[in-house]
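# Secondary and tertiary structure notes
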Amino acid sequence: MNTLSRTHQRRPQIWAVGGGKGGTGKSLVAASLGIHLSQMGRRVILVDGDLGAPNLHTVLGLDPPALALSDFVKRRFESIETVVSETGVPRLSLVSGARNSLDIESLKHFQKTRLLRVLMSLPADVVLLDLGAGTSLNVLDLFSLADRGLLVILPEPTSVENCYRFLKAAFLRRLHHLGRTLGYQSIIDLVLEHRDQADDGRPSEILEEIARVDSMAAQALSSHVEAFVPHLVMNQVRSHEDEVLGESMEWVSERFIRIPVRFAGAIPYDTTLVQCVKGRKAYLAEYPRTRTAEMLRAVAESVLAPRAASVRPFPGPWVPGAEAYRALDLRPGAPQDEILGSYMRLRRTLRSDSPALAPLDCETERRATAAEVENAYRTLSRNLSSTAPRPGGLNLPAHIRRFRGGVSPTV
C-alpha cells in the first residue's frame with residue numbers, strides 16, 4: 001500500500017474509457033494508456049470503475065488488491081487514498097473495483113457524487129477510469145463528466161451500433177447534468193418529455209427546441225455541449241477496411257448523429273495480447289517495441305493533443321465553390337489531391353453497404369448526402385481541370401494510395 005503525497009495541488013484530468021459493449025478491450029487500452037502516460041513522467045491513477053466484474057488488476061499482471069473501491073463506496077474507509085495500491089510501474093497506481101461482487105447499479109446518487117468529488121481530489125496528473133460495459137446511469141455519468149472520454153470498439157456491426165447508442169445516451173446524460181448545474185433542468189425536462197420517446201433526437205435538434213423555449217438557456221448550454229467530443233479507438237483491426245471504419249465513423253457521427261467524435265487510432269489484432277492476459281503480464285511493459293505497442297502509444301498522444309478546430313464554419317471572405325468544399329469536408333482552396341482524397345473517402349463511407357452507416361435508419365439522408373458529394377466533386381473538378389495534373393500523376397497521400405474500394409476518381 002502506498003502513501004500518496006498531498007503536495008500535488010492541481011486537479012487531475014479525468015479520462016474515462018467506455019464503449020457500451022463488453023469484450024472490446026477497454027481494460028487493455030486503459031492499462032496501456034496508464035503505462036504510457038506514467039512512462040512520460042505523469043502521475044497516473046487507474047481506477048477500475050466496473051464494480052461488478054473488475055479485471056483491470058489482471059490485465060496489469062497483479063493479484064486482486066486487499067482493498068478496493070467498494071471498500072471506499074461502502075464507507076469502510078473515509079479516504080480513497082487508503083485503497084490506492086502500487087502496480088510496480090513507477091508513477092502508476094491502481095484503485096481496484098471490488099473484492100466481492102457489487103452491482104454498479106447499486107450506487108446511490110450521494111455515493112456517486114462523493115466518488116466524483118474524491119476522484120477530482122486525487123494527487124495525480126491523470127485519473128483514468130476503466131468503466132464497465134453497458135449504458136447504466138453510473139457508467140454514463142462517469143463518462144459524460146470526464147475531461148476526456150474514449151470509446152473502445154471492435155470493427156463489428158454490433159459494436160458499431162452500440163457505440164452510436166452509447167454516444168446518444170452519454171450526450172443526453174451530459175445535457176441533464178448541465179441543466180442541473182446551470183439551472184435549466186426544468187426547460188430540458190420539458191423539451192425531452194415532449195419528444196418522441198422512440199427517438200432520442202440529435203443534439204442539434206434538441207438544442208434548437210430548447211432555443212425556441214429559452215434562447216438564453218440554449219446559448220448557455222451550447223458552449224458546454226461543444227466540449228463533449230469523445231475519442232474513438234478501433235481495437236483488433238485485421239485489415240485496411242477495419243482501419244478506415246474508424247475514420248468513416250468520425251464523419252458519420254458528426255454528419256448524421258450530430259455528435260462529433262475524434263478518431264484516435266486503430267490497434268492491430270495481436271495474438272500476443274491474449275497470451276499476455278493469460279500469463280498475467282502487462283502488454284505495453286513486456287512488448288514496448290511492437291507495432292501494436294506503437295499504436296497504443298499513438299492513441300495516448302492523440303488524446304493528449306489539444307483539440308483541433310473544426311473546418312466548419314469557414315472564416316474569412318467567401319470564395320468560389322465554398323459550399324462544394326464544405327460538402328467534401330475541406331477548407332476552401334484545398335489542393336486537388338486533397339479534393340480527390342476526400343471525395344474517394346466519402347464515396348466509400350456513403351455506400352449503401354457502408355458498415356459505418358448500417359446501424360442508422362438514414363437511407364433518404366444517405367442518398368441526398370451522396371448526391372451532394374458527387375455534385376461538389378464535379379464542381380471542384382471542373383474548376384481545377386484546366387490547371388490540375390492528371391490523377392495518375394498526383395502525389396497522393398498514403399491513405400489514398402492504399403485505397404482498395406475500386407471507386408473511379410472521376411464522376
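Reading the values: rules and limits
Residues numbered from 1 in each chain as written. Predicted model: local features only at pLDDT ≥ 70, side-chain atom pairs only at ≥ 80, totals over all residues. Heavy atoms only, no water. Helix = DSSP H or I, 4+ residues; strand = E, 2+ residues; numbered from the N terminus. Buried < 20%, exposed > 50% of the residue type's maximum accessible area, 1.4 Å probe, protein only. Contact = heavy atoms within 4.5 Å. Phe/Tyr/Trp six-rings, centres within 6.5 Å; stacked < 30°, edge-to-face > 60°. Lys NZ or Arg CZ within 6 Å of the ring centre and 35° of its normal. Axes fitted to C-alpha atoms, helices over the stretch in contact; angles between N-to-C directions. Parallel < 35°, antiparallel > 145°, perpendicular 65-115°, else oblique. Nonpolar A, V, L, I, M, F, W, Y, C, P; charged D, E, K, R; others polar. Pairing = 2+ DSSP bridges. Right-handed = clockwise from strand over helix to strand, strands pointing away. Lys, Arg positive; Asp, Glu negative; His and termini not counted. Salt bridge = Lys/Arg side-chain N within 4 Å of Asp/Glu carboxyl O.

## Things to note about the overall build of the protein
Secondary structure assignment for the protein yields 17 helices and 8 strands. When each of the 411 residues of the protein is scored for burial, the buried share is 50%. Counted over contacts in the protein with a minimum sequence separation of 6, partners at least 24 positions apart contribute 74%.

## Notes on the packing of aromatic side chains
What the rule picks out here adds up to 6 aromatic pairs. Measuring from ring centre to ring centre gives 6.5 Å for phenylalanine 171 and phenylalanine 228, while their planes differ by 55°; the resulting arrangement is tilted. Placement of the pair is phenylalanine 171 in helix H6 (residues 157-182) and phenylalanine 228 in the loop between helix H9 (215-225) and strand S7 (231-237), with a sequence separation of 57 residues. You'll find phenylalanine 171 and phenylalanine 228 in the same group, each marked buried. These aromatic residues form a ring-pair network of at least three members: Phe143, Phe166, Phe171 and Phe228. The cationic tip of arginine 238 hangs over the ring face of tyrosine 269; the distance from NZ or CZ to the ring centre is 3.9 Å.

## Notes on the packing of helix H1 (residues 26-39) against helix H13 (residues 291-304)
Close contact between H1 and H13 brings their axes to 9 Å; oriented N to C, the two are set at 75°. By the criterion of interaxial angle, the relationship of H1 to H13 is roughly perpendicular. From H1, Ser32, Leu33, His36 and Leu37 reach across to H13, where they touch Leu296, Arg297, Val299, Ala300, Glu301 and Leu304. For the contact of H1 with H13, the per-class residue count stands at 6 nonpolar, 2 polar and 2 charged.

## Some points on the environment of lysine 112
Residue placement: lysine 112 occurs in helix H4 (residues 109-119). Measuring from C-alpha to C-alpha, the distance between lysine 112 and leucine 142 comes to 8.8 Å, with 30 residues separating the pair along the chain. The contact partners of lysine 112, leaving out residues within four places of it in the chain, are Leu137, Asn138, Asp141 and Arg173.

## As for the pairing of S7
Of all the 7 residues making up S7, 6 are buried; the element is thus mostly covered by neighbouring parts of the structure. Alignment of strand S6 (residues 148-153) against S7, held across 4 bridges, turns out to be parallel. Pairing of valine 152 across the sheet is with valine 233, part of S7. As defined by bridge partners, S7 adjoins strand S8 (residues 262-268) across 5 bridges and the pair is classed as parallel. Considered in S8, the bridge of valine 237 is made with proline 268. This β-α-β element, S7 to helix H10 (residues 240-257) to S8, shows right-handed connectivity.

## Quick notes on the sheet that holds strand S4 (residues 92-95)
With respect to topology, 8 strands assemble into an open sheet ordered S3-S4-S2-S5-S1-S6-S7-S8, the strand pairing being mixed. At either margin of the open sheet sits one strand with a lone partner, and together these are strand S3 (85-86) and S8. Inspection of the sheet shows strand S1 (residues 13-18) paired to S6 by 4 bridges, in the parallel sense. Bridge pairing in S6 places tryptophan 15 opposite arginine 148. Relative to S7, H10 is tilted by about 155°, and along the sheet it contacts S6, S7 and S8. Most of the contacts of H13 go to S8, to which it runs at about 170°, and overall it touches S1, S6, S7 and S8.

## What to know about the side chain of lysine 26
Looking at the secondary structure, you find lysine 26 in helix H1. Here lysine 26 is buried and forms no salt bridge, its nearest opposite-charge partner aspartate 130 lying at an N-O distance of 6.1 Å. Non-local contacts of lysine 26, meaning those with residues more than four positions away in its chain, are made with Val17, Gly18, Gly19, Lys21, Asp130, Leu131, Gly132, Ala133 and Val152.

## Structural notes on the pattern of salt bridges
Tallied over the full model, the rule gives 15 salt bridges. A salt bridge links glutamate 363 to arginine 366, with the shortest nitrogen-to-oxygen separation between them at 2.8 Å. A residue pair is termed a helical-turn pair when its members lie 3 or 4 positions apart in one helix, as glutamate 363 and arginine 366 do in helix H16 (residues 363-384) at 3 residues. A relative accessible area of 10% means that arginine 366 is categorised as buried. Members of the salt-bridge network, linked through shared partners, are Glu363, Arg366 and Arg367.

## Some words on the environment of glutamate 209
Mapped onto the elements of the fold, glutamate 209 is located in helix H8 (residues 203-213). Separated by 21 residues in sequence, glutamate 209 and isoleucine 188 place their C-alpha atoms 9.3 Å apart.

## A closer look at the side chain of histidine 177
One can find histidine 177 in helix H6. Accessibility expressed as a relative area gives 13% for histidine 177, which makes it buried.

## So, unusual backbone geometry
Glycine aside, a negative phi is what most residues show, and trans is what most peptide bonds show. In this structure, arginine 258 takes a positive phi of about 70° despite not being glycine. Exposure remark for arginine 258: the relative accessible area of 31% places this residue in the partly exposed category. In this model, arginine 280 sits at a positive phi of 55°, which is unusual for a non-glycine residue. Position of arginine 280 relative to the elements: it lies in the loop between helix H11 (271-278) and helix H12 (283-286). Owing to a relative accessible area of 34%, arginine 280 belongs among the partly exposed residues under this scheme.

## Quick notes on the environment of glycine 49
Looking at the element boundaries, glycine 49 is found in the loop between strand S2 (44-48) and helix H2 (56-59). Residues glycine 49 and leucine 142, 93 residues apart in the sequence, show an inter-C-alpha distance of 8.7 Å.

## Examining the pairing of S6
Where burial is concerned, most of S6 is hidden: 6 out of the 6 residues are buried. Neither face of S6 is left uncovered, since the one carrying Arg148, Leu150 and Val152 and the one carrying Gly149, Leu151 and Ile153 both have all their residues buried.

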